[in-house]
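Remarks on the overall topology
Residues per chain, in single letters:
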Amino acid sequence: MRPVTRIDPNLPVGAYQTYQITRRRDTTVRAVCEQVDCPQWRQGWDSVIDERTELGKAQAAYIRGQSRRTFRETKTGEGLTVFRFESGQRCFADHQTVPELYLVRDGDWRGNPTGRKRMHTRAAEWVEDFGENQLRLVDQQKKG
């Protein structure tokens, strides 16, 4: 691993805040298609069902009556049923993802002298907090 090159800070460790996005390595959660950039969600998909079988009959009945998804139904020359699902709706897969943690803590690489840290629940909140901190720094720099 390459050594980290750091610039010597001009201020004490307590004058800094660290913004970090990280993940727990061994934790997965259920996710929606959009979170995992599911290709079916992005582009839509076809489900080809053979209704001459018991499984096919059950699958088609589920799609028509319980799936709560928008589709167009057509038949092939071989007698198969094709359900065409448009993009932007949840597919039938169960997706998993490793959630991101949006952290803010006092201090920098030298430590956290106050022990204060907080975790945002959404990326947008973390970005907003980061932006407000940047604006505070600009204002302080202008004041001298």
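First things first, this report covers the structure right here in the doc. (Residues numbered from 1 in each chain as written. Predicted model: local features only at pLDDT ≥ 70, side-chain atom pairs only at ≥ 80, totals over all residues. Heavy atoms only, no water.)

1. Notes on the pairing of strand E3 (residues 45–49)
Side chains of E3 alternate between two faces, with Trp45, Ser47 and Ile49 buried and Asp46 and Val48 left unburied. Judged from the 5 bridges that link them, E3 and strand E5 (residues 81–85) form a sheet pairing that is antiparallel. By the bridge assignment for E5, Trp45 is matched with Phe85. (Buried < 20%, exposed > 50% of the residue type's maximum accessible area, 1.4 Å probe, protein only. Helix = DSSP H or I, 4+ residues; strand = E, 2+ residues; numbered from the N terminus. Pairing = 2+ DSSP bridges.)

2. A look at the side chain of Asp129
Position of Asp129 relative to the elements: it lies in helix H3 (residues 123–143). For Asp129, the side chain forms a polar contact with the side chain of Tyr19, separated by 2.7 Å. The contacts of Asp129, once residues within four sequence positions are left out, are Tyr19, Val104, Arg118 and His120. (Polar contact = N/O pair within 3.5 Å; in protein donor to acceptor, adjacent residues only side chain to side chain. Contact = heavy atoms within 4.5 Å.)

3. Here's the deal with the packing of aromatic side chains
What the rule picks out here adds up to 9 aromatic pairs. Between Tyr19 and Trp126, the ring centres sit 5.9 Å apart and the planes meet at 75°, which makes this aromatic pair edge-to-face. Taken together, the residues span a long stretch of sequence, with Tyr19 in strand E1 (residues 17–23) and Trp126 in helix H3 at a distance of 107 residues. Relative accessible area serves as the criterion here: at 15%, Tyr19 is assigned to the buried category. The class for Trp126 is buried, based on a relative accessible area of 12%. In this structure an aromatic cluster arises from ring pairing among Trp45, Tyr62, Phe71, Phe83, Phe85 and Phe92. (Phe/Tyr/Trp six-rings, centres within 6.5 Å; stacked < 30°, edge-to-face > 60°.)

4. Some details on the sheet that holds strand E8 (residues 117–120)
Spatially, E1-E7-E8 is the arrangement adopted by the 3 strands of the open sheet, whose pairing is antiparallel. Looking at the sheet topology across the chains shown, the edges are occupied by E1 and E8. For this sheet, the mean inter-axis angle between neighbouring strands, taken without regard to orientation, is 25°. Two elements, strand E7 (residues 100–106) and E8, share 4 bridges in a ladder whose sense is antiparallel. Note on E8: the bridge partner recorded for Arg105 is Lys117. This element, H3, spans E1, E7 and E8 of the sheet and lies at about 160° to E1. (Axes fitted to C-alpha atoms, helices over the stretch in contact; angles between N-to-C directions.)

5. Points about helix H2 (residues 54–65)
With 12 residues, H2 should cover 16 Å at 1.5 Å per step; its first-to-last C-alpha distance of 16 Å lies within 8% of that length. Regarding H2, the residues found buried are Gly56, Ala60 and Ile63. Here the buried residues of H2 occupy an arc of 65° about the axis, which is enough to place them on one side. For H2, exposure combined with an orientation more than 90 degrees from the buried face picks out Glu54, Leu55 and Gly65. (Expected span 1.5 Å × (residues − 1). Arc of directions from axis to C-beta.)

6. Structural notes on the sheet that holds E3
Strand order across the open sheet formed by 3 strands is E3-E5-E4, with antiparallel pairing between neighbours. On the outer flanks of this sheet lie E3 and strand E4 (71–75), each paired with one strand and no other. Sheet twist, expressed as the average angle between the axes of neighbouring strands with direction ignored, equals 20°.

7. Description of the pairing of E5
With 4 of 5 residues buried, E5 is to be regarded as a mostly interior element. Inspection of the sheet shows E4 paired to E5 by 5 bridges, in the antiparallel sense. Bridged to Thr74 within E5 is Val82. Hairpin connection, E4 to E5: the antiparallel pair is bridged by 5 residues, and Gly79 has positive phi, about 90°.

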